[in-house]
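Structure at a glance
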Amino acid sequence: MSKRNQPKYVFVTGGVLSGIGKGITAASIGNILKSRGLSVNIQKCDPYLNVDAGTLNPGEHGECFVTVDGAETDLDLGHYERFMDIELKQSSSLMSGQVLQKVISDERAGKYLGKTVQIIPHVTTSIGDSIIETAKGFDVHIVEIGGTVGDYEGLSFIEAIRELPMRVGRENCVFVHVVYLPYLSASGEFKTKPAQNAVRELRGLGIVPDVLAARSEYEAPDEAIEKLSLFSGVPEEAIVQLPNAKSIYQVPLTIEDGGIGKVIVSKLSLSKHKPALKKWSNLVSRATDETAPIIKIGVVAKYLNNQDTYMSVFEALKAAAWDRNYQVDIDWIDAEKITTSNAVKLLSHVDGIVVPGGFGNRGLEGKVAAAQYALKEKIPYLGLCLGLQMAVVAAARNAGLEDANSVELDPNTKNPVINTMNDQRGKEATGGTMRLGNYPCKIQKHTLADKTYKKSKIQERHRHRYECNNDYRDDYPKWGIDASGVSPDGTLVEMIEAVDHPFFLASQFHPELASRPNKPHPMFVGFVSALI
Ligand code: GLN
């Protein structure tokens, strides 16, 4: 058993190239450790200079994941929450901008007592402090370093985790390096050289890896692993192969089957409890069942070329479908192309429509048109944040208020059915100024929201600037909608639904963030069930 108060650390770094699934690997290690009954926390260190992920373009960087306490973070935190079924906090997301901001403000406050302030030791110690603080109270703390080892901007994080064993004990640390084994189809060989070099690069920075996770397109032959072991100095039993999987949720099982769970717990002298992975493997069977019937869902989106942009929405849809033994076929529909006149043509092939969150006015008219179509044709509709706002505009327009709009789309609209929250005025371009994180919501009895949640009080995560304009709430019955979820004091609309409709539900919050692969969110289960 781990000594109380002394958390153990698992550091996850990546070599060769980025985008090979380091986040999934870290999350999977969290999964198998948690399945042994250990309490596990996890933290992502991101080398870019942003202070948080709120200002990053989701089309380039992927979705911004929001924690219950309102931190705007990297999408890897979403993987962590889904794989480990935990709720993370702001402290699980550390970015260079945050670290530097703190060090510089401490310098300005004279806290360094006249010393020269330097990357080493001041920045690296600050990173180490944050890691140690975040680990407090847990058996194991996993720390993933973003980017690839050797990247100029990531060096202070690598140096920080090199120093950390001196503060917490080398015997309490495991270093996992994720590398890539390219396959050369011309010669039919797996090449280990890039991985060898990646390990050498890491050693050159003072870190000797204990475990290697070798990503590849296909399973490599034993000789490749023997060679990798010889050149890297990592024993074969501490190398796990991670060939492309049918589902990312297979990865914890592959890592466990590869014996890595055992390697980590024995290196860290943790309890030897057997992992309880039965439920998880049931989930994987459902997720990879190719014989399951398929439902087709149209996601009306602005960004169309990056899967990561709507990661949590897609995962929540899939989870809900798996729960009902279905698979989803997600069709991305370009919001910029949809108009009220072509909506039938562009949308009639899907069983249901999702309008996810988004910012800025590009594609907004198309989202309104999609909602107008779903209302009129009684097509199941799920609106997430912006999807609620556009649904309110749609309902108003369908009822004859043709110039109804959101001020995000038209700041001078005569009928601003969605407008700016008072305390957000003038801050439209700044970071960290939205309504963020968990807020309570009261659900009205005998509504679809009530039937969906089977609860009268909920808490969900927010990230938005605009709200339903209360001046128009009395018109909702006329527009055929109902504010079925409101803030406890009744002043903010949290959920709306169409009254005479099989399933038209939208929320000002983001339910997708709380969905889990094996505990799908009720709004998604409700939506998917309506399609079935
Ligand atoms: N852009 C809208 C707002 O700021 C919706 C935000 C969202 O969908 N997350 O309120």
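A brief report on the enclosed structure follows. (Residues numbered from 1 in each chain as written. Predicted model: local features only at pLDDT ≥ 70, side-chain atom pairs only at ≥ 80, totals over all residues. Heavy atoms only, no water.)

Here the focus is the overall build of the protein. Assigned secondary structure in the protein consists of 18 helices and 23 strands. The C-alpha atoms of the protein give a radius of gyration of 25 Å, which matches the 24 Å a tight globule of 532 residues would have. For the C-alpha atoms alone, the extent of the protein along its principal axes is close to 75 × 65 × 45 Å. Taken across its 532 residues, the protein has 59% of its residues classed as buried. Taking contacts inside the protein between residues at least 6 apart in sequence as the whole, the part at least 24 apart equals 72%. A total of about 22,300 Å² of accessible surface is found on the protein, and carbon and sulfur atoms cover 50% of it. Across the protein, the 59 positively charged side chains and the 64 negatively charged ones have centroids separated by 5 Å. (Helix = DSSP H or I, 4+ residues; strand = E, 2+ residues; numbered from the N terminus. Rg over C-alpha atoms; globule rule 2.2 N^0.38 Å. Buried < 20%, exposed > 50% of the residue type's maximum accessible area, 1.4 Å probe, protein only. Contact = heavy atoms within 4.5 Å. Areas by Shrake-Rupley, 256 points an atom, 1.4 Å probe, with all protein chains shown as cover. Lys, Arg positive; Asp, Glu negative; His and termini not counted. Charge placed at Lys NZ, Arg CZ, Asp CG, Glu CD.)

The next thing to look at is the site of the ligand. Neighbouring the ligand are G357, G358, F359, C385, L386, Q389, E408, R463, H464, R465, Y466 and H510. Taking Q389, its side chain carries an N or O atom lying 3.0 Å from an oxygen atom of the ligand. Within the backbone of R463, one N or O atom sits 2.8 Å away from a nitrogen atom of the ligand. Burial of the ligand by the surrounding chains reaches 99%, relative to a free accessible area of 300 Å². (Near = heavy atom within 4 Å. Polar contact = N/O pair within 3.5 Å; in protein donor to acceptor, adjacent residues only side chain to side chain.)

Turning our attention to the pairing of strand β13 (residues 327-334). One ladder, built from 8 bridges, connects strand β12 (residues 294-301) with β13; its direction is parallel. Looking across to β13, one finds that K296 is bridged to D329. Handedness of the crossover joining β12 and β13 through helix α12 (residues 311-323): right-handed. (Pairing = 2+ DSSP bridges. Right-handed = clockwise from strand over helix to strand, strands pointing away.)

On to the side chain of T134, then. With respect to the helices, strands and loops of the structure, T134 is situated in helix α5 (residues 119-135). Within the local environment of T134, its side chain forms a polar contact with the side chain of Q43, the two groups lying 3.5 Å apart. Apart from residues lying up to four places away in sequence, T134 is in contact with N41, Q43, S91, S92 and H141.

It is worth spelling out the sheet that holds strand β20 (residues 466-468) at this point. What the 3 strands build is an open sheet, ordered β16-β17-β20; its pairing is mixed. The open sheet has two edge strands, β16 (404-406) and β20, and neither has a second partner. For this sheet, the mean inter-axis angle between neighbouring strands, taken without regard to orientation, is 30°. In this sheet, β20 lies alongside strand β17 (residues 415-420) in antiparallel orientation, the contact comprising 3 bridges. Among the inter-strand pairings, N419 is bridged to a residue of β20, identified as E467. Sheet strands in contact with helix α15 (residues 386-398) are β16, β17 and β20, and its direction is about 170° off that of β16. (Axes fitted to C-alpha atoms, helices over the stretch in contact; angles between N-to-C directions.)

Tallied over the full model, the rule gives 15 aromatic pairs. Arranged with centres 5.8 Å apart and planes meeting at 85°, the rings of Y249 and W322 form a pair that is edge-to-face. Within this pair, whereas Y249 is found in the loop between β11 (239-243) and α9 (251-257), its partner W322 is found in helix α12, the two being separated by 73 residues in sequence. Neither residue differs from the other here; Y249 and W322 are each classed as buried. On the basis of an interplanar angle of 35° and a centroid distance of 6.2 Å, the ring pair of Y472 and W479 is categorised as tilted. Of the two residues examined, Y472 and W479, each falls in the buried class. One aromatic cluster is present, built from ring pairs that chain together F83, Y249, W280 and W322. (Phe/Tyr/Trp six-rings, centres within 6.5 Å; stacked < 30°, edge-to-face > 60°.)

Turning next to the layout of surface pockets. Its volume calculated, the largest pocket comes out at about 1,200 Å³. Lining of the largest pocket is provided by 47 residues; of these, G19, G21, I24, H79 and D308 occupy positions nearest its centre. Elements supplying a minimum of two residues to the lining of the largest pocket: α1 (22-34), β2 (40-46), α2 (58-61), α3 (76-84), β11, α9, α12 and β13. Its residues assigned to classes, the lining of the largest pocket comprises 16 nonpolar, 17 polar and 14 charged. (1 Å grid on protein atoms, 1.4 Å probe; cavity = no way out; pocket = protein on both sides within 12 Å on 5 of 7 lines; lining within 4 Å. Points joined across faces, edges and corners; volume = space filled by probe spheres on them. Nonpolar A, V, L, I, M, F, W, Y, C, P; charged D, E, K, R; others polar.)

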